[in-house]
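As a plain string of letters, each chain reads:
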Amino acid sequence: MTASARPASGHTGADITGVDLSKPLSADDFTTIQQALDRWKVVFFREQELDHSTQIAFARQFGDLTYAHPHDDAPPADHPEIFTIDPRRYEERYGKGFRDAVKKRQYSYFSGWHTDVTAAVNPPAGSILRAETVPEFGGDTQWTNLVSAYEGLSEPVRAFIDTLRAEHRYGGSEKTDGNSEYAKRINDNLLVAVHPVVRVHPRTGERALFVNPGFTSHIVGVSARESKAILDLLYGELTRPEYTVRFRWEPGSVAFWDNRATAHLAPRDIEHLDVQRTLHRVTLIGEVPVGPDGTESELLSGKPFTADHKVVVGA
């Protein structure tokens, strides 16, 4: 059996069957996955039997991997590439009030949408997330196609935003409690970069919106009022339902997305439920984004995000 891809929605996502990700990919299967990823921006696999080692081995066929996460100093032993997503981990470290504080900051539909680690000067090229334990209902993740969102704008607006740059920092424009342990962790490991608002995809040559509510703080060179108006317009565009796909997780499910051309929304419908949801992510080291005029992103604070990343942990 060989891999085959079937679109999951009109703009975004494809389901891939006929492949065992725990084994090395054949040349044909690799091509099928890469072409589907280029076209649909996120691909989904079901009923995969992966552990940390085989997830890492699968991902390495597509590129080198980053350290787990810019702020995670406790990845699984012997697997520094793995970032485990489980709200209980944050409660154990930062206390029971951590999730309540997060919910207070996420005051709008836009707030949870993000592209991974765009505060780095070289945001990850892609992310691969596998489900270990998921609730019987709820907990879906959504992705949006940032190429389609850009192409849906009128030509004059596209020409205008092609010239803009935006600052990205961990936490975006939202304020955190400066006295909290979590806020201290962010400040001690500060990542700030300026990226083009539109980036050119290095593989496909497509142009994609490259702002997101999670990490973008403001448009550079305009007033605060103008920045908010521009970002609100772009956030409204990238979260339009027609550009999105919604994925229902099951144990053994895997999602692989192009981080250069997507944003995603973590689930918001299970925070009031006493359920377990544990997933594991690895990310591919990315290149420095380039805008339509050839201008590259600029590092303002921190270092490029690679396998050599070190997390500063205060006393």
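Anything mentioned here points back to the structure above.
Quantities reported herein were computed from a predicted structural model and do not represent experimental measurements. (Residues numbered from 1 in each chain as written. Predicted model: local features only at pLDDT ≥ 70, side-chain atom pairs only at ≥ 80, totals over all residues. Heavy atoms only, no water.)

**Brief notes about the overall build of the chain**
Reasoning step 1: Within the chain, the regular secondary structure consists of 8 helices and 17 strands.
Reasoning step 2: The buried share of the chain, taken over its 315 residues, is 52%.
Reasoning step 3: Taking as baseline every contact in the chain between residues at least 6 positions apart, the subset at least 24 positions apart corresponds to 82%.
Reasoning step 4: On the chain, roughly 14300 Å² of surface is accessible, and the fraction owed to carbon and sulfur atoms is 50%. (Helix = DSSP H or I, 4+ residues; strand = E, 2+ residues; numbered from the N terminus. Buried < 20%, exposed > 50% of the residue type's maximum accessible area, 1.4 Å probe, protein only. Contact = heavy atoms within 4.5 Å. Areas by Shrake-Rupley, 256 points an atom, 1.4 Å probe, with all protein chains shown as cover.)

**Remarks on helix α8 (residues 224-238)**
Reasoning step 1: The terminal C-alpha atoms of α8 lie 21 Å apart, and with 15 residues this matches the ideal 21 Å at 1.5 Å per residue to within 8%.
Reasoning step 2: Three or more residues of α8 are buried, namely S227, I230, L231, L234, Y235, E237 and L238. One side of α8 holds all its buried residues, which, seen down the axis, span an arc of 155 degrees. Opposite the packed face of α8, turned more than 90 degrees from it, sit the exposed residues R225 and K228. (Expected span 1.5 Å × (residues − 1). Arc of directions from axis to C-beta.)

**Some points on helix α1 (residues 27-40)**
Reasoning step 1: With 14 residues, α1 extends 20 Å from end C-alpha to end C-alpha; this agrees with the ideal 20 Å at 1.5 Å per step.
Reasoning step 2: All of the buried residues in α1 are D29, I33, Q34, A36, L37, D38 and W40.
Reasoning step 3: Immediately beyond the C-terminal end of α1, within one or two residues, lies K41, with a positive phi of roughly 75 degrees.

**Examining the pattern of salt bridges**
Reasoning step 1: Evaluated as defined, the whole model comprises 17 salt bridges.
Reasoning step 2: In this structure, E250 engages R46 in a salt bridge whose closest nitrogen and oxygen atoms are separated by 3.7 Å. With E250 in the loop between β13 (244-247) and β14 (254-258) and R46 in the loop between β3 (42-45) and α2 (52-60), this residue pair connects regions lying 204 residues apart in the sequence.
Reasoning step 3: Linking D258 and R260 is a salt bridge whose minimum nitrogen-to-oxygen distance equals 3.9 Å. (Salt bridge = Lys/Arg side-chain N within 4 Å of Asp/Glu carboxyl O.)

**Remarks on the side chain of H71**
Reasoning step 1: Mapped onto the elements of the fold, H71 is located in the loop between α2 and β4 (83-85).
Reasoning step 2: A polar side-chain atom of H71 sits 3.5 Å from the main-chain carbonyl oxygen of N189.
Reasoning step 3: With near-sequence residues (within four places) excluded, H71 lies in contact with Y170, R185, I186, N189 and V311. (Polar contact = N/O pair within 3.5 Å; in protein donor to acceptor, adjacent residues only side chain to side chain.)

**Here we look at the nonpolar core**
Reasoning step 1: Counting 25 residues, the largest nonpolar core has I16, L21, I33, V43, F45, F58 and F256 as its most contacted members.
Reasoning step 2: Looking at this core, the elements with two or more residues in it are β2 (14-17), α1, β3, α2, β14 and β16 (278-284).
Reasoning step 3: If one sorts the elements of this core by residue count, α1 sits on top with 4 residues.
Reasoning step 4: Once residues within four sequence positions are removed from consideration, I33 is found in contact with I16, L25, V43, F45, F58, F62 and F256.
Reasoning step 5: Judged by nonpolar contacts, the second largest core, of 24 residues, contains V198, I219, I230 and L234. (Core = buried A, V, L, I, M, F, W, Y, C linked by side-chain atoms within 4.5 Å.)

**Focus on the environment of H264**
Reasoning step 1: Along the chain, the position of H264 falls in strand β15 (residues 262-265).
Reasoning step 2: Ignoring any residue separated from it by four or fewer positions in sequence, one finds H264 in contact with G112, W113, H114, D116, T141, Q142, W143 and W257.
Reasoning step 3: Only 3.3 Å separates the side chain of H264 from the side chain of D116, close enough to count as a polar contact.

**As for the sheet that holds β2**
Reasoning step 1: Judged by pairing direction, the sheet is mixed, and its 7 strands sit side by side in the order β1-β2-β3-β14-β6-β16-β4 without closing on themselves. This sheet does not close on itself; its edge strands, each paired only once, are β1 (4-7) and β4. Across the sheet, the axes of successive neighbouring strands diverge by a mean angle of 25 degrees, strand direction being ignored.
Reasoning step 2: The sheet contact formed by strand β6 (residues 126-133) and β16 spans 7 bridges and is antiparallel. Looking at β16, one finds that I128 is bridged to V282.
Reasoning step 3: Each of β1, β2, β3 and β14 touches α1; the most contacted strand, β3, lies at about 130 degrees to it.
Reasoning step 4: Relative to β16, α2 is tilted by about 30 degrees, and along the sheet it contacts β3, β6, β14 and β16. (Pairing = 2+ DSSP bridges. Axes fitted to C-alpha atoms, helices over the stretch in contact; angles between N-to-C directions.)

**Observations regarding the sheet that holds β13**
Remark on secondary structure: sheet strands pair via backbone hydrogen bonds, oriented parallel or antiparallel.
Reasoning step 1: Spatially, 4 strands are ordered β5-β15-β7-β13 in an open sheet, and the strand pairing comes out antiparallel. Edge positions in the open sheet fall to β5 (113-114) and β13, since each of these has one partner strand only.
Reasoning step 2: In this sheet, β13 lies alongside strand β7 (residues 141-145) in antiparallel orientation, the contact comprising 4 bridges. When the bridges of β13 are listed, T141 appears paired with F247.

**Quick notes on the pairing of β15**
Reasoning step 1: What you see with β15 is no split at all: T262 and H264 on one side and A263 and L265 on the other are buried throughout.
Reasoning step 2: Bridge count between β5 and β15: 2 bridges; the pairing is antiparallel. Across the sheet, H114 pairs through a bridge with H264, a residue of β15.
Reasoning step 3: Two elements, β7 and β15, share 4 bridges in a ladder whose sense is antiparallel. Bridge pairing in β15 links N145 to T262.

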